[in-house]
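An overview of the molecular structure
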Amino acid sequence: MKIKQFPEGFLWGASTSAFQVEGAYNEGGKGLATTDVCNVPEGIADNKIAADHYHHWKEDVDLMAELGLKVYRMGFAWSRIMPDASGRPNPEGLAFYDQLIDYLLEKGIEPLVTLYHFECPQALVDAFGGWKSRKMIDFYVKYAQICFEHFKGRIKRWVTVNEQLIATAAGIMSGNHEKDPQKNLKNIYQMSYHVSLAEHKAMTVLREIDPEAKIGPVCAIQVVYPQTSKTEDILAAENAEELMEFYMLDMSVRGEYPPYVAKYLKEKGLYPEREPGDAGVLKSSTPDFIGVNYYFSICVKEKVGPINYNQPPFWVSDAFDICDNPYLRKTEWMDKGIDPAGLHIGMRKIYNRYGLPMIVTENGMAYSESLGEDGRIHDDYRIEYLKEHIEQLKIMIDEGMPVFGYCPWSFVDVVSSHQGFAKRYGLVFVDRTDTDPKQCARYPKDSFFWYQKVIARNGLEE
Ligand code: BG6
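A short tour of the structure in this document, coming up.

Rules and cut-offs
- Residues numbered from 1 in each chain as written.
- Predicted model: local features only at pLDDT ≥ 70, side-chain atom pairs only at ≥ 80, totals over all residues.
- Heavy atoms only, no water.
- Helix = DSSP H or I, 4+ residues; strand = E, 2+ residues; numbered from the N terminus.
- Rg over C-alpha atoms; globule rule 2.2 N^0.38 Å.
- Buried < 20%, exposed > 50% of the residue type's maximum accessible area, 1.4 Å probe, protein only.
- Contact = heavy atoms within 4.5 Å.
- Areas by Shrake-Rupley, 256 points an atom, 1.4 Å probe, with all protein chains shown as cover.
- Lys, Arg positive; Asp, Glu negative; His and termini not counted.
- Charge placed at Lys NZ, Arg CZ, Asp CG, Glu CD.
- Pairing = 2+ DSSP bridges.
- Axes fitted to C-alpha atoms, helices over the stretch in contact; angles between N-to-C directions.
- Parallel < 35°, antiparallel > 145°, perpendicular 65-115°, else oblique.
- Nonpolar A, V, L, I, M, F, W, Y, C, P; charged D, E, K, R; others polar.
- Bend = angle between axes of the 7 residues up to and from the residue.
- Core = buried A, V, L, I, M, F, W, Y, C linked by side-chain atoms within 4.5 Å.
- Polar contact = N/O pair within 3.5 Å; in protein donor to acceptor, adjacent residues only side chain to side chain.
- Phe/Tyr/Trp six-rings, centres within 6.5 Å; stacked < 30°, edge-to-face > 60°.
- Near = heavy atom within 4 Å.
- Salt bridge = Lys/Arg side-chain N within 4 Å of Asp/Glu carboxyl O.

Description of the overall build of the protein
Across its full length, the protein holds 16 helices and 15 strands. The C-alpha atoms of the protein give a radius of gyration of 21 Å, which matches the 23 Å a tight globule of 462 residues would have. For the protein, the spread of C-alpha atoms along the principal axes amounts to about 60 × 55 × 45 Å. Sorting the 462 residues of the protein into buried and exposed places 61% on the buried side. Within the protein, residue pairs in contact and separated by at least 24 positions form 77% of the contacts whose partners lie at least 6 positions apart. When the accessible surface of the protein is summed, it comes to about 17,800 Å², and 51% of that surface belongs to carbon and sulfur atoms. When the 51 positive and 66 negative side-chain charges of the protein are each reduced to one mean point, those points stand 3 Å apart.

Structure, rendered in structure tokens:
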């Protein structure tokens, strides 16, 4: 059997986030998070128990070791480490992560830790509005500093922010519940600007505390195709990528908005308020790598007619209009279509623009699943999805792009960002439903055993 071999030391991993996996939302001194207090519709699981990783963490790390993971892309819950507005760390929260990190290291698995993955302390939203206020910058930097000092030498790679686009646009995560659509957009861009300042300050703090460690953002890459070869459609696709992806990555890497975005925000009255000295902060650091989350591509056409405010805020624009891509295979949960080549197209653009090493921090296939009579999940569809995307990574590596790892979403089934447990991505099935958490017992799926072989061979079969 011939193997398409990956480079030695390639980081085969898997991914979760704290608020979607841990549960124990009010245990161990944890404060409430934005994601604990949002109203989840009746019949859909919230994250109060989630996958109950807080009580299954050891068994989960044992499964990771059995899988052969080299890296575990996980998150800290900000509200577990910093539960209130005093800025003081919660020793029990740090102790929970101590045991988890130490056990991962004992098993030879590198923890790649995200500081801020959608949830943030509700106490800070109550106290001053969260990211709407510049005060949030100081709290984030303090939180980052606590983590960098406490885990120095044990955590070698950090992620500043997961998907800044969603983190700031989704009111259930940011705590911004402004009803007026224009004011809401203004808030979003202001919050995102504050996140960028916080990110740069945190990167500088890490360089001082632990110069050996690496740090970077995780971006929800937007691979946007034009509906036709009409110039207007092509420009709409370019605009969409600038507004939904490069505006944040440019802030992370170059410390400024792309010219098109700066002009767009000024014209629309959305340009954030700044203070003297900000430009220096934004230019004061650069990331070591870029993490890439990719699930599907999108398709747009020229915008005609009035703005449709009845869609996610990041699609509310007169610069493009989201449309269907008829060329892609679709499923119930992957309704934009499955597009492995899109990963290559998107990462090539990122590499050509920034020249930084990249790791895929999320990529996965959602499906509604329940245990078969044989106690197994035969998820061939997920195996196919992962295989097709890993093949694209190999192509990138052969082209000379510095891609150093791959972390499918998700290691175990986790509660979806807003669609509960009906929508699962895990390599390991978690036995619970939306309405009945049961014991959250773990059952490796067929994709687990398939991925185990990929890792062992360091590549795919030809
Ligand atoms: C990414 C997030 O956007 O997509 C994850 O970083 C999220 O937190 C994942 O769960 C899948 O999205 P969803 O909405 O299907 O859970």
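Section: the sheet that holds strand E7 (residues 224–226)
Across the sheet, which stays open at both edges, the three strands sit in the order E7-E9-E10 with mixed pairing between neighbours. The open sheet has two free edges, formed respectively by E7 and strand E10 (321–323), since each of these has just one partner strand. Across the sheet, the mean angle from the axis of one strand to that of its neighbour is 45°, orientation sign disregarded. One ladder, built from three bridges, connects E7 with strand E9 (residues 298–301); its direction is parallel. By the bridge assignment, Tyr225 is partnered in E9 with Cys299. Each of E7 and E9 touches helix H11 (residues 231–253); the most contacted strand, E7, lies at about 165° to it.

A closer look at the packing of H11 against helix H12 (residues 259–267)
Relative orientation of the contacting elements H11 and H12 amounts to 95°, with a least axis distance of 9 Å. The pairing of H11 with H12 is recorded here as roughly perpendicular in orientation. Across the interface between the two elements, Asn239, Glu242, Leu243 and Tyr247 from H11 touch Tyr260, Val261 and Tyr264 from H12. Class assignment of the residues belonging to the contact of H11 with H12 gives a composition of five nonpolar, one polar and one charged.

What to know about H11
In the structure, H11 departs most strongly from a straight axis at Phe246, where the bend amounts to approximately 50°. With respect to burial, H11 is a largely interior element, 18 of its 23 residues being buried. Downstream of H11 by one or two residues, Gly255 has phi in the positive range, about 70°.

Observations concerning the nonpolar core
Ranked by internal contacts, the top residues of the largest apolar core, which has 152 residues, are Phe76, Trp78, Tyr140, Trp158, Met347 and Tyr451. When residues of this core are assigned to their parent elements, the largest contribution, 13 residues, is made by helix H10 (residues 181–209). Among the nonpolar cores identified, the runner-up in size contains nine residues, and Leu11, Val218, Ile359 and Phe404 belong to it.

Quick notes on the environment of Asp278
For Asp278, the position within the fold is in helix H13 (residues 278–282). With relative accessibility at 4%, the residue Asp278 sits in the buried group. Considering only alpha carbons, one finds Asp278 and Leu197, 81 residues apart in sequence, at a separation of 7.3 Å. Once residues lying within four places of it in the same chain are set aside, the contact partners of Asp278 are Arg134, Tyr193 and Leu197. One polar contact links Asp278 to Arg134, side chain to side chain, over a distance of 2.8 Å.

Examining the packing of aromatic side chains
On inspection of all chains with the given rule, the structure shows 31 aromatic pairs. Taking the centre distance of 4.7 Å and the plane angle of 65° together, the rings of Phe10 and Trp12 count as edge-to-face. In this structure, Phe10 and Trp12 share a single accessibility class: buried. Taking the centre distance of 5.9 Å and the plane angle of 85° together, the rings of Phe314 and Trp315 count as edge-to-face. For Trp315, a relative accessible area of 17% puts it in the buried group. Members of the aromatic cluster, joined through ring pairs, are Tyr54, Phe76, Phe96, Tyr97, Phe148, Phe151 and Trp158.

Concerning the site of the ligand
Surrounding the ligand, one finds 14 residues, the nearest of these being Gln20, Glu163, Ser417, Lys423 and Tyr425. Note that an oxygen atom of the ligand is positioned 3.1 Å from one of the side-chain N or O atoms of Ser416. Separating an oxygen atom of the ligand from a side-chain N or O atom of Lys423 is a distance of 2.6 Å. Class assignment of the residues belonging to the shell around the ligand gives a composition of four nonpolar, seven polar and three charged.

Focus on unusual backbone geometry
The omega torsion of the bond from Trp409 to Ser410 falls at 5°, within 30 degrees of zero and hence cis. Mapped onto the elements of the fold, Ser410 is located in the loop between strand E12 (403–406) and strand E13 (428–431). The backbone of Cys440 shows a phi angle near 55°, a positive value even though the residue is not glycine. Tracing the sequence through the fold places Cys440 in the loop between E13 and strand E14 (441–444).

Examining the sheet that holds strand E2 (residues 11–15)
Reading around the barrel, the eight strands line up as E2-E3-E4-E5-E6-E8-E11-E12 and close back on themselves, with parallel pairing between neighbours. Geometrically, the sheet is characterised by an average inter-axis angle of 30° between neighbouring strands, direction not taken into account. The pairing of E2 with E12 spans two bridges and is classified as parallel. Paired with Trp12 across the strands is Tyr406, a residue of E12.

So, the pattern of salt bridges
This model, assessed by the stated rule, comprises 36 salt bridges. In this structure, the salt-bridge partner of Asp62 is Lys107, at a minimum N-O distance of 3.8 Å. Of this pair, Asp62 sits in helix H3 (residues 53–67) while Lys107 sits in the loop between helix H5 (91–106) and strand E4 (110–116), and the two are 45 residues apart along the sequence. Of the charged contacts, one joins Arg134 and Glu275 as a salt bridge, the two residues approaching to 3.5 Å between their closest N and O atoms. Taken together, the residues span a long stretch of sequence, with Arg134 in the loop between helix H6 (122–128) and helix H7 (135–150) and Glu275 in the loop between H12 and H13 at a distance of 141 residues. Given the relative accessible area of 25%, Arg134 is considered partly exposed. The class for Glu275 is partly exposed, based on a relative accessible area of 42%. Through salt bridges that share partners, Glu369, Asp379, Arg382, Asp413, Arg424 and Lys445 make up one connected network.

Coordinates in, geometry out; function isn't part of it.
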